[in-house]
Amino acid sequence: MVTETRNTDRSKQQPVWLQQYIDSLEKQKQLYKKTLVIVILSQIFGGAGLAAGITVGALLAQDMLGTESAAGIPVALLTLGSAGAALLVGRLSQRFGRRVGLATGFLAGGLGAIGIIIAVLFNSIILLFTSLLIYGAGTATNLLARYAGTDLATAKQRATAVSMAMVSTTFGAVAGPNLVDVMGKFAQSISIPTLAGPFILASVAFILAGLVLLIFLHPDPLIVSKAIADAKKKGITAQTEQNSKSSIINKKGIIVGSTIMVLTQFVMTAIMTMTPIHMGHHGHGLREVGLVIGFHIGAMYFPSLITGLLIDKIGRNVMAAASGATLLASGILAAFAPGESMIFLICALILLGLGWNFGLISGTALIVDATHPSNRAKTQGSVDVLLALSGASGGVLSGMIVAHSSYAVLSLFGAILSLLLIPVVVWSRKTQSKELI
């Protein structure tokens, strides 16, 4: 009799459509698959949008400001903007669901890209910098969208779910840099400077990504996930001691996951930002730059499906260590490769993207493991703020290091920094071992 009353009370507290998902494991599985499809579609557009800033941002700043030392400013600004956006999108998602949070971020990124085009037309540095900050919202949202697929995933599906979202970004992210030359010519044909051309593509891509999520991401996976978690909590008797122990482990998991992502983001952004400038010094044009960056972005996202499967099967820490080793190899190769050699540059940037991929997905899986639906989106947004600030720091410092030394010194610095991932993984494994004793 008591059980019947509890069930009746619970159904009164939730809308009928939401209660159906709480009660049906089959409907949860269907929504999980539907969410992945929608996220994948939005990520294809989002990938094309983020590629513009990566490919021509440094060249645009160098052209407008007339100094090489400021070449890292665009990447720094858009990543700084993505930091604020990550915080905002995370909180919007926590309160109103993934649909509202992610759609808002992508649409803001599209408006920022339009602002960049206007800034170039009127040669306005202030508008350029402001628009780059807003454009960063699209970059932040493109990364935060990877979490949406994990809301209804089981523990053994989480890294794979992140991977499926990220691998779909490859299609847009690889196409974007390789359309730099085409978009530049299109921009010229409508009396817009060549370097602003890729941002035309970015504005359309980000807005389309936002509309896909706004229109189709319903029911919202995070709202359903929170409702399921709340229902399970009501059905469980007091387990205070166990829960308090879990919260301690969760905090450590968040620290480890965050550190892995921050280090890989810093190293990747620093070397990637100055690669177009380095290539310009050795006589490479926009087409060659687009090709190298295209391979790099492909390596950042395309291996994701395999990466996710490996992380779910052999462990988060093992793949985090593999990230450090891969980034080390990338930095050494970039430092000593002949600047005229496209093959060596492509190989170095592929390794750079692959190392970032290993680190980001293993770190993301650790964050999801360590959070609860009641605070997951908010925590994820806060962690991605650190991720964005790390990228901003890497962008700024990369320009300063190259201006006062060389691209080789920057690459070696990144290689040495990537070794810090090893002690982080060792500390994580020791912590886990102590918890099990």
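Above this text is the structure in question.
Residues numbered from 1 in each chain as written. Predicted model: local features only at pLDDT ≥ 70, side-chain atom pairs only at ≥ 80, totals over all residues. Heavy atoms only, no water.

A. Focus on the side chain of Thr150. Considering the arrangement of structural elements, one finds Thr150 in the loop between α6 (125-148) and α7 (158-178). Once residues lying within four places of it in the same chain are set aside, the contact partners of Thr150 are Arg158, Ala161, Val162 and Val368. (Helix = DSSP H or I, 4+ residues; strand = E, 2+ residues; numbered from the N terminus. Contact = heavy atoms within 4.5 Å.)

B. Inspection of the environment of Gln188 at higher detail. Structurally, Gln188 is set in helix α8 (residues 180-189). Within the structure, Gln188 has its side chain in polar contact with the side chain of Thr194 (distance 3.2 Å). (Polar contact = N/O pair within 3.5 Å; in protein donor to acceptor, adjacent residues only side chain to side chain.)

C. Region of the structure containing the pattern of salt bridges. Following the criterion strictly, the structure yields 5 salt bridges and no others. A salt bridge links Arg98 to Asp151; the nearest nitrogen and oxygen atoms lie 2.8 Å apart. Highlighted residues: Arg98 in helix α5 (residues 98-121) and Asp151 in the loop between α6 and α7, separated in sequence by 53 residues. Residue Arg98 is classed as buried on the basis of its relative accessible area, which comes to 2%. Residue Asp151 is classed as buried on the basis of its relative accessible area, which comes to 5%. With its nearest N and O atoms 3.1 Å apart, the salt bridge here joins Arg146 to Asp384. Taken as a pair, Arg146 in helix α6 and Asp384 in helix α16 (residues 376-404) lie far apart in primary sequence, 238 residues in all. For Arg146, a relative accessible area of 0% translates into the label buried. For Asp384, a relative accessible area of 4% corresponds to the buried category. Among the ionic contacts, a cluster of salt bridges with common partners joins Arg158, Asp312, Arg316 and Asp369. (Salt bridge = Lys/Arg side-chain N within 4 Å of Asp/Glu carboxyl O. Buried < 20%, exposed > 50% of the residue type's maximum accessible area, 1.4 Å probe, protein only.)

D. Expanded view of the packing of aromatic side chains. Counted according to the given criterion, the structure contains 6 aromatic pairs. Taking the centre distance of 6.4 Å and the plane angle of 75° together, the rings of Phe266 and Phe413 count as edge-to-face. Placement of the pair is Phe266 in helix α11 (residues 240-281) and Phe413 in helix α17 (residues 407-418), with a sequence separation of 147 residues. Residue Phe266 is classed as buried on the basis of its relative accessible area, which comes to 13%. Positioned above the aromatic ring of Tyr21 is the side chain of Lys27, whose terminal nitrogen or guanidinium carbon lies 5.0 Å from the ring centre. (Phe/Tyr/Trp six-rings, centres within 6.5 Å; stacked < 30°, edge-to-face > 60°. Lys NZ or Arg CZ within 6 Å of the ring centre and 35° of its normal.)

E. Here's a closer look at the packing of α5 against α6. Direction vectors running N to C along α5 and α6 enclose 150°, while the axes themselves pass 7 Å from each other. One way to sum up the angle between α5 and α6 is to call them roughly antiparallel. In this structure, α5 crosses over α6, and the sense of that crossing is left-handed. Residues that form the contact of α5 with α6 fall into these classes: 17 nonpolar, 8 polar and 1 charged. (Axes fitted to C-alpha atoms, helices over the stretch in contact; angles between N-to-C directions. Parallel < 35°, antiparallel > 145°, perpendicular 65-115°, else oblique. Left-handed = near helix turned anticlockwise from the far one by under 90°. Nonpolar A, V, L, I, M, F, W, Y, C, P; charged D, E, K, R; others polar.)

From the geometry alone we can't say anything about function, so treat these as descriptive.
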